[in-house]
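So you can see what is in the structure, the chains are spelled out below.
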Amino acid sequence: MSLSLPFEEPVLIFTLVLLIILVIPLLLGKLRIPGIVGLIVAGVILGPNGFHILDRDASIVLFGTVGLLYIMFQAGLEIDMIDFKRYKARSLAFGALTFFIPITVGTLVFLYLHGYDVKPAILLASMFAPHTLLAYPIISRLGLSKNEAVTLTIGGTLVTDTAVLFVLAIIINSTQGETGTWFWVLMITKMIVFVAVVLWLFPKVAKWMFKQLESEKGAQYIFVLTVVFAAAFLSELAGMEAIIGAFLAGLALNPLIPHTSALMNRIEFVGNNIFIPFFLISTGMLVDLTVLFTDTNAMLIAGTIVILAPLTKYAAAYLTQKLFGFSILQRNLIFGLSSAHAAATLAVVLAGFEIGLLGESALNGAVVLILVSSMVSSFSTEKVGRKLAILESRRKPDISVKPDRILVPISNPKTIENLLDLSIMLRNPDHKSPIYPLAVVIDNEHAEEEIYKKNKMLQEAITHASATDNDVQLVSKIDVNISSGILRAIKELMITEVVLGWNAKITTRDRIFGTVLDNLLDNTDEMVLVCKIIQPLNTTERIVVLVPTNAELERGFMRWIRSVKLLSQQLGAPIVFRGRKRTLNKLKQAVKETKPTVEADYMPYTSLNEFANMKAELNKDDMVVVISARKSTVSYNSNLDFVPRVLSRNYKDNSFIVIYPEQYSVYQTVPVKGIPVSYEENAEK
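Read on for an overview of the structure. All values reported here derive from a predicted model rather than from experimental measurement.

## With respect to the overall build of the protein chain
Argument step 1. Each helix and strand counted, the protein chain has 24 helices and 10 strands in total.
Argument step 2. In terms of C-alpha radius of gyration, the protein chain reaches 29 Å, essentially the compact-globule figure of 26 Å for 685 residues.
Argument step 3. With the C-alpha coordinates aligned to their principal axes, the bounding extent of the protein chain is approximately 90 × 60 × 45 Å.
Argument step 4. Across the 685 residues of the protein chain, 55% fall into the buried class.
Argument step 5. Here the contacts in the protein chain between residues at least 6 apart in sequence split such that 81% fall between residues at least 24 apart.
Argument step 6. Entry remark: accessible area of the protein chain is about 29800 Å², with carbon and sulfur atoms responsible for 60%.

What follows is the structure, given as C-alpha cells:
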C-alpha cells in the first residue's frame, strides 16, 4: 500500500474524507462558523490546487454529483406544496427578477467595460444569474423550510436555473450553427415530455411501488434514489441540467413521503451527513488560488464577478421584498439562499470553455465565485435564519396548539407501525412531547406471560419510532381490565389524545364498537381516534371528513381541525369536508384562520343518512374521517351510533378514522354557547 501524495488507496481516501466531514463542522461550530464553509475550505486545502493530498478523481466527482442532486431533491421534497401553489406567481416574479437583473447588468459590464463579444459576455453574465440552494441544509435544520420567503426562493431557483440553462443551450447551438425551426421544435418537445414523465408518470409508479414495498423500508429508500437519478438522467436527455430533474423528482414524490416518516428521516440523514458534504469538498477542490495572483485578467474577471453577483442578487431580493411586503429578515433570507453559485454556474462556464467562447481566466473566476458566494450564502443564511427562527418561536400559539400528549394503546403487533406513524403525524410539530405506547395486562394468573408478550411489542414500537427520529416513552399497566388500564394512564400522564386501532368487527347490537372502546368513550372527555388503516398512509389521495351538525360548538372543535389539517399536510392529501351548510361556514372560517395551510373543499349534505351511500364518490386511496360525538353532547345525533357499522360494512377498502372530540356534556350546569342544558338528541333536527 502506497502512502505517497496524492493518496490513491480508496479505503484511506474515504477514511480521510469521513474524518473531515466529522471534525470540521464540530470545530467550526464552536466558532459559530457554518460547517458548509469549513468543508469547502477543506476541499481547497486538500485538493490538487492546494497541498494535493487528494485528487478530484472519479469517486469524489461521483459522490459530489450525488450530493448536488440530493440538495435539489431535498429542496423539492421538503417544500410545502400548498404554499408552493399558493405563491407560484410570486416565485415566478422573483425568478424573473433574479434572472434578468444579473444577466442584464453582467452582459453590459462585460460587453462595454471588458470588451467581450456578445455571446461570451452573455455567458459570463449567465454565471451569476443562477443559484444553488447550498445553504438549504441550514434552513432545514432551523425549521424554516415552510417559511414563505423560503418557498418563494425555491420556486425562483427553478425558474432562474431553467432560464439560464435555456440561454446556454441557445448560445451553444447557435455557435455550432443549429438554431433552425427543427431545433426549437425538438427542444420544446423534449422538455414537455420530460416534465410530463416526471410529474405525472413517476408519482403513479411510486404510489404502486410504496404499496408493494410497505414492509421493506430499505427497498423504499433505494427506490427513491432510483427515481431521483432517473429524473436527473431524463433531464439531461431533454437538454437540461440534471439538477432540474432532481428538483422535479422531489416535487413528484413530495405528497408520498410524509415529513415525519422513517423514510424522510433516512433521506435527510444520508444526504446531510454523507453525500452533501462530499459535494462541498469536491467544489472546494476546483479552486486554484495561485492563478488569481499570476493572471491579471483572471483577477479582473474574478473581481468583477465577485462584486456584481451579490449586488445583483441583493437587488432582486430587495425588489421582491418591496413588491410583496416581506420583512427585512425575510429579504435577507432570500438573499442568503439565492446568493450561492455552484451547479448551474459551473455548467455554464465549463460549456463555454469547451466550445472556445470562454478562456481559462473565466473558468478560474467562476471557481472563485463559487467559493466566495458559498461563504457569503452560508454566513448570511445562518445569521438571518437564527434570528427568524427565534422570532417564529416567540409567536403566541392559539388554544388549539397546546402541547399534545398522545397515548397509543397497543394490542395487535400488526397495527403498531401504522398507529405510531399516524400519532407522529398528528402531533403538534412545535412541541416535542413524546408519544406514549401503552401495554395493558389484566391482573390474573396469566399476567406474567402477557407482560412478556406486551414488552416484546413495545420494543417493536421503540425500534420503529427511533427510525423516524421521534421520542417514545413506553408505558405498562396491570389492571382489572383493559379499559380501566387505559383510563388510569390517561389521568396519570395527562393525555390529550388517544389513538386506538379497531378491527372493524361489530359483535353486539347494544354497543357501538365493543366493550373496551365503549367504556373508554363513556369515561373520558379527551379526544379519542378510532382507526382502521387499510392502505399505506403515504398513498392517501384525499381525506373525506364527515362533520355532524353543531360540531363547531364542542370544546374540542379547534383541536380536531388542527389534527385533520396536520394529517393533510403530512400526507399531501387535500381535504373534502362534508356537512350541513351552517357547520361548513364555521369550518371554512376556522380552517382559514389556523395553521397549517391546507387545500380544502366543502360539500354540503342534507342528512347524515347520506353517509351510507357515499361509497360511490370515493376512490380506493381516499381516507374517510368521521367526526362523531358522545351521548349527551351538543353535536350528538343517534345516527352517529350507526357510523361504525356503516364503515365496517360499506367501506372495507378504505382507511378510516372515527374522531370523538374533547367534549362537554350538555347536562353540565353551565350551558355551552347558548345551547340549553336539555339539548340532546334533537341537534340534527
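From this point, the discussion proceeds with the structure in view.
## So, the nonpolar core
Argument step 1. In terms of nonpolar packing, the biggest core is built from 125 residues, with Phe73, Val224, Leu253, Ile257 and Ile267 touching the most fellow members.
Argument step 2. Core analysis: the second largest hydrophobic core is formed by 45 residues, Val408, Met527, Ala590 and Val591 among them.

## Quick word on the packing of aromatic side chains
Any pair of aromatic rings gets described here by the distance separating the centres and the angle formed by the planes.
Argument step 1. Per the stated rule, a full pass over the model turns up 14 aromatic pairs.
Argument step 2. Taking the centre distance of 4.9 Å and the plane angle of 70 degrees together, the rings of Phe99 and Phe100 count as edge-to-face.
Argument step 3. Between Phe110 and Tyr116, the aromatic rings sit 6.1 Å apart at their centres with planes inclined by 90 degrees, giving edge-to-face as the arrangement.
Argument step 4. For Phe110, a relative accessible area of 0% gives the class buried.

## Details of the layout of surface pockets
Argument step 1. Estimated volume of the second largest pocket: approximately 790 Å³.
Argument step 2. For the second largest pocket, the lining is made up of 29 residues, of which Lys85, Pro203, Ala252, Pro255 and Gly572 are closest to its centre.
Argument step 3. No other element matches the 5 residues that helix α9 (residues 181-212) contributes to the lining of the second largest pocket.
Argument step 4. Among the residues making up the lining of the second largest pocket, the classes are represented as 14 nonpolar, 8 polar and 7 charged.

## Some points on unusual backbone geometry
Argument step 1. The phi angle at His52 is positive, at roughly 55 degrees, despite the residue not being glycine.
Argument step 2. Structurally, His52 is set in the loop between α2 (35-46) and α3 (58-78).
Argument step 3. Backbone geometry at Met494 places phi at a positive 55 degrees, although glycine is not the residue there.
Argument step 4. When you line up the elements, Met494 lands in the loop between α20 (482-493) and β4 (497-501).
Argument step 5. Take Met494: its relative accessible area is 60%, and that puts it in the exposed class.

## Focus: the pairing of strand β7 (residues 575-579)
Looking along a regular strand, one sees side chains alternate from face to face of the sheet.
Argument step 1. Most of β7 sits out of view: 5 of its 5 residues are buried.
Argument step 2. As paired strands, strand β6 (residues 543-546) and β7 are joined by 4 bridges and run parallel to one another. Considered in β7, the bridge of Ile543 is made with Ile575.
Argument step 3. Traced from β6 through helix α22 (residues 557-571) to β7, the parallel crossover comes out right-handed.
Argument step 4. In this fold, the crossover linking β7 to strand β8 (residues 600-604) by way of helix α23 (residues 581-593) has right-handed handedness.

## As for the packing of α9 against helix α11 (residues 242-253)
Argument step 1. One way to put it is that α9 packs onto α11 with a least axis distance of 9 Å and a crossing angle of 40 degrees. Taken together, the axis directions place α9 and α11 in an arrangement best described as oblique. Crossing geometry of α9 relative to α11 is assigned as right-handed. Residues Phe194, Val195, Val198, Leu199, Pro203 and Ala206 of α9 form the contact with α11, whose participating residues are Ile244, Gly245, Leu248, Ala249, Leu251, Ala252 and Leu253.
Argument step 2. Each residue belonging to the contact of α9 with α11 can be placed in one class, and the counts come to 12 nonpolar, 1 polar and no charged.

Conventions we followed
- Residues numbered from 1 in each chain as written.
- Predicted model: local features only at pLDDT ≥ 70, side-chain atom pairs only at ≥ 80, totals over all residues.
- Heavy atoms only, no water.
- Helix = DSSP H or I, 4+ residues; strand = E, 2+ residues; numbered from the N terminus.
- Rg over C-alpha atoms; globule rule 2.2 N^0.38 Å.
- Buried < 20%, exposed > 50% of the residue type's maximum accessible area, 1.4 Å probe, protein only.
- Contact = heavy atoms within 4.5 Å.
- Areas by Shrake-Rupley, 256 points an atom, 1.4 Å probe, with all protein chains shown as cover.
- Core = buried A, V, L, I, M, F, W, Y, C linked by side-chain atoms within 4.5 Å.
- Phe/Tyr/Trp six-rings, centres within 6.5 Å; stacked < 30°, edge-to-face > 60°.
- 1 Å grid on protein atoms, 1.4 Å probe; cavity = no way out; pocket = protein on both sides within 12 Å on 5 of 7 lines; lining within 4 Å.
- Points joined across faces, edges and corners; volume = space filled by probe spheres on them.
- Nonpolar A, V, L, I, M, F, W, Y, C, P; charged D, E, K, R; others polar.
- Pairing = 2+ DSSP bridges.
- Right-handed = clockwise from strand over helix to strand, strands pointing away.
- Axes fitted to C-alpha atoms, helices over the stretch in contact; angles between N-to-C directions.
- Parallel < 35°, antiparallel > 145°, perpendicular 65-115°, else oblique.
- Left-handed = near helix turned anticlockwise from the far one by under 90°.

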